[in-house]
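# Observations on chain architecture
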Amino acid sequence: QVHLEESGGGLVQAGGSLRLSCAASRSIFSIHSMGWYRQAPGKERELVAATTSSYTTTYADSVKGRFTFSGDSAKNTAYLQMNSLRSEDTGVYYCFARYLGANYWGQGTQVTVSS
């Protein structure tokens, strides 16, 4: 099993930055895939960024050039650096991991971007 705990959400003005953290209960090297999804009010959950064990990272078109996914193996933590935030980035951000064929999710962290 993998336990994920997000932090770093909050309220920020448009154009600002936030860094989300996702602390995992096991080595992130052992996890096949990790990433971030988000869900805006009234909308379906969507992929923001994800990486696989081959260290290939995929980004949603809407965040390319603004968001960066990274990891710190010493801390078993993944990060999502979000710059140039827009009001449409508002939503609950969820960390996910795929490990031994099963998907795991964090509890989510709220990001609100005011215009």
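Notes on the structure follow. (Residues numbered from 1 in each chain as written. Predicted model: local features only at pLDDT ≥ 70, side-chain atom pairs only at ≥ 80, totals over all residues. Heavy atoms only, no water.)

## A closer look at the pattern of salt bridges
With the rule as written, the count across this model stands at four salt bridges. Ionic pairing is found between R66 and D89, a salt bridge with its closest N-O pair at 2.8 Å. Separated by 23 residues along the polypeptide, R66 in the loop between β6 (57-59) and β7 (67-72) and D89 in the loop between β8 (77-82) and β9 (91-99) bring together distant segments of the chain. Each member of the pair, R66 as well as D89, is classed as buried. Bridged by salt links that share partners, the residues R38, E46, R66 and D89 form one connected network. (Salt bridge = Lys/Arg side-chain N within 4 Å of Asp/Glu carboxyl O. Helix = DSSP H or I, 4+ residues; strand = E, 2+ residues; numbered from the N terminus. Buried < 20%, exposed > 50% of the residue type's maximum accessible area, 1.4 Å probe, protein only.)

## Digging into the state of the cysteines
In total, this model carries one disulfide according to the counting rule given. A sulfur-sulfur distance of 2.0 Å marks the disulfide that ties C22 to C95. The sign of the S-S torsion, about -80°, decides the handedness of the disulfide formed by C22 and C95: left-handed. Of this pair, C22 sits in strand β3 (residues 18-24) while C95 sits in strand β9; the two residues are 73 residues apart in sequence, bridging distant segments of the chain. Under the relative-accessibility criterion, C22 is labelled buried at 0%. On the basis of relative accessibility, which here comes to 1%, the residue C95 falls in the buried class. (Disulfide = S-S within 2.5 Å.)

## Looking at the pairing of strand β10 (residues 102-105)
Two elements, β9 and β10, share four bridges in a ladder whose sense is antiparallel. Looking at the pairing, R98 lines up with N103 of β10. Count of turn residues in the β9/β10 antiparallel hairpin: two residues, of which L100 carries a positive phi of about 50°. (Pairing = 2+ DSSP bridges.)

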